[in-house]
Amino acid sequence: MSLYSPCSFTPYGRSTLSVTVLVTLVLLLVTLLSFPSYATTIMSGELAKHLKAIDYGKKADNTWVAPSTTEQQQFEAVFNAFIAQDFPLAQELATPIGYDVAQFFDTNTQSTYYLLQERASLHSVEFKGGGTYVYNPLGLNAILQAPHPKRDTFTGTQAIDAFLYTQTKLLMLAGTRRDNSHALSTCTNGHYEASDVAHQTESFFNVAHKYMSDFDDASVFIQYHGFGKTTLAKLQAQCDVDNDLMLNLSESVRYNTADAEHSILHSLRRVVEDEGKIAACVYGNDTKSLGGTWNVQARYTNGSSNICSTSSSASSKRFIHLEQSYNVRKYHRGSMQKYLKQALENYFL
């Protein structure tokens, strides 16, 4: 005769308790899986290679899509969470507007960065051309911008390399070529395409710029641009130089500034001039052309009353519209990032 009765499946038996626990766990798992996942994507490799693989398309592709007011508001909320380093929330908010958040360990710099990038690729029906944003929470308080990453040849590559070399806070890359659109921007009297984010207020690029400009009034902006042979000759004559390696530095406001002043513009000018290889001319002091006074990001940071239509009357000393001759952009990007790093350290440290 058995000392114990067979196991009973009564409501009070231990087996029933085990089944109940198991069923509860299964139901909990099903419930959790029914919610959308907002985990940050984890990536590693060469960040420069990843960013330089972005396809900006061809002239007049007409793939850039102007974001609606609602989409711009959504993107601002995403960007707020992104800069606050609440990356799960940023991903949750980014999903409806086609963006993803990624944590990227760069094997070259041995540093971790955070990417806010569009999910759809060029020519997809879901592509908007909103741009790519790379955040370095430990970086120097400067934002590097490439609004014309392909049309101003080499400026996209230059901004990427300079961001990684200088270890600055944020990199902003436009999503398409400046001449992608058939339509014209309403902000510039028909002078620029709508896809040109430096002359367009209705863009994710401009939303990000405005957020960063307001976020910390000690931050500075370096926006990369380039000019060709015809403009080079004009600027050489104005600045009285014959060097084909030339910069035209501007705060996007035309007036004389003191060479000895403490500003990021003159900090960079002094570093460039110390080596003597590249001519560094200053808009308002030396030149009267190509000063970026139509630049909407500069206008915003300089406090314009209407960035779409009104030039700034004064400079905040926080924004450099950096125009460079072709040979500087092609052959001397390494020198330029070295100059910028030294200028930023002189300015901030």
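Overview of the structure. (Residues numbered from 1 in each chain as written. Predicted model: local features only at pLDDT ≥ 70, side-chain atom pairs only at ≥ 80, totals over all residues. Heavy atoms only, no water.)

## A look at the overall build of the protein
A tally of regular secondary structure across the protein gives eleven helices and ten strands. Buried positions account for 51% of the 349 residues belonging to the protein. Once local pairs closer than 6 in sequence are excluded, the contacts in the protein between residues at least 24 apart make up 72%. For the protein, the computed accessible surface area is about 16,500 Å², with 53% contributed by carbon and sulfur atoms. (Helix = DSSP H or I, 4+ residues; strand = E, 2+ residues; numbered from the N terminus. Buried < 20%, exposed > 50% of the residue type's maximum accessible area, 1.4 Å probe, protein only. Contact = heavy atoms within 4.5 Å. Areas by Shrake-Rupley, 256 points an atom, 1.4 Å probe, with all protein chains shown as cover.)

## Comments concerning the layout of surface pockets
Taken as a whole, the largest pocket encloses approximately 360 Å³ of empty space. In terms of lining residues, the largest pocket is bounded by 20 residues, among which I54, Q117, E118, A120 and T132 are the most central. Of all elements in the fold, only α2 (47-52), β2 (99-106) and β3 (111-118) reach the threshold of two or more residues within the lining of the largest pocket. For the lining of the largest pocket, the residue count by class is nine nonpolar, seven polar and four charged. For the second largest pocket, the calculated volume is near 310 Å³. (1 Å grid on protein atoms, 1.4 Å probe; cavity = no way out; pocket = protein on both sides within 12 Å on 5 of 7 lines; lining within 4 Å. Points joined across faces, edges and corners; volume = space filled by probe spheres on them. Nonpolar A, V, L, I, M, F, W, Y, C, P; charged D, E, K, R; others polar.)

## Some details on the state of the cysteines
A covalent bond bridging the sulfur atoms of two cysteines is what the word disulfide describes. Taken as a whole and assessed by the stated rule, the structure comprises two disulfides. One disulfide bridge connects C187 with C308, the sulfur atoms lying 2.1 Å from each other. Of note, the bridge from C187 to C308 carries an S-S torsion of about -105° and is left-handed in sense. Of the two residues, C187 is situated in the loop between β6 (168-173) and α6 (204-215) and C308 in the loop between α9 (296-301) and β10 (319-325); the sequence distance between them amounts to 121 residues. A sulfur-sulfur distance of 1.9 Å marks the disulfide that ties C239 to C281. Measuring handedness by torsion sign, the sulfur bridge of C239 and C281 sits at about -95° and is left-handed. Linking C239 in helix α7 (residues 229-239) with C281 in strand β9 (residues 279-282), this pair joins segments that are 42 residues apart in sequence. (Disulfide = S-S within 2.5 Å.)

## Section: the packing of helix α3 (residues 69-83) against α6
Interaxial distance between α3 and α6 falls to 10 Å at its minimum, and their mutual angle equals 45°. When the axes of α3 and α6 are compared, the pair comes out oblique. In this structure, the crossing between α3 and α6 has a hand that is right-handed. Listed contacts from α6 to E71, Q72, F75, E76, F79, N80 and I83 of α3 are F204, V207, A208, Y211, M212 and F215. (Axes fitted to C-alpha atoms, helices over the stretch in contact; angles between N-to-C directions. Parallel < 35°, antiparallel > 145°, perpendicular 65-115°, else oblique. Left-handed = near helix turned anticlockwise from the far one by under 90°.)

## Things to note about the packing of aromatic side chains
Summed over the entire model, instances satisfying the criterion amount to 16 aromatic pairs. Between the aromatic rings of F82 and F87, the centroid separation amounts to 6.0 Å while the plane-to-plane angle is 70°, which identifies the pairing as edge-to-face. Geometrically, the ring pair formed by F82 and Y135 is tilted, given 5.8 Å between the ring centres and 50° between the ring planes. You can see F82 sitting in helix α3 and its partner Y135 sitting in strand β4 (residues 132-135), a full 53 residues away along the chain. (Phe/Tyr/Trp six-rings, centres within 6.5 Å; stacked < 30°, edge-to-face > 60°.)

## Some details on empty space enclosed by the protein
Under the definition given, this model contains three cavities of 30 Å³ or more. By volume, the largest cavity amounts to about 50 Å³. In terms of lining, the largest cavity is formed by W64, V65, P67, K128, G129, G130, V197, S203, F204 and F205. Its residues assigned to classes, the lining of the largest cavity comprises six nonpolar, three polar and one charged. Here the second largest cavity defines a volume of roughly 40 Å³. Taken together, S250, E251, V253, Y255, T257, L265, V282 and Y283 make up the full set of residues lining the second largest cavity. Of the residues contributing to the lining of the second largest cavity, the split by class is five nonpolar, two polar and one charged.

## Let's talk about helix α8 (residues 264-275)
Taking 1.5 Å as the rise per residue, α8 with twelve residues should run 16 Å; its terminal C-alpha atoms sit 18 Å apart, in good agreement. Those residues of α8 that sit buried are I264, L265, H266, S267, L268, R269, V271 and V272. Two residues or fewer past α8, G276 is found with a positive phi of approximately 80°. (Expected span 1.5 Å × (residues − 1).)

## What about the packing of helix α5 (residues 155-166) against helix α11 (residues 333-348)?
Contact geometry of α5 with α11 gives a least axis separation of 9 Å together with a crossing angle of 45°. Between α5 and α11, the angle falls in the class oblique. Note that α5 runs across α11; the crossing there is right-handed. Taken together, the residues of α11 that come into contact with α5 (itself represented by T157, Q158, D161, A162, Y165 and T166) are R333, M336, Q337, K338, L340, K341 and L344. Its residues assigned to classes, the contact of α5 with α11 comprises five nonpolar, four polar and four charged.

## Quick word on unusual backbone geometry
The bulk of non-glycine residues show a negative phi, and the bulk of peptide bonds are trans. The phi angle at Q85 is positive, at roughly 65°, despite the residue not being glycine. Summarising the element assignment, Q85 is placed in the loop between α3 and α4 (87-94). Even without a glycine there, the phi angle at Q110 is positive, about 60°. In this structure, Q110 sits in the loop between β2 and β3. Owing to a relative accessible area of 55%, Q110 belongs among the exposed residues under this scheme.

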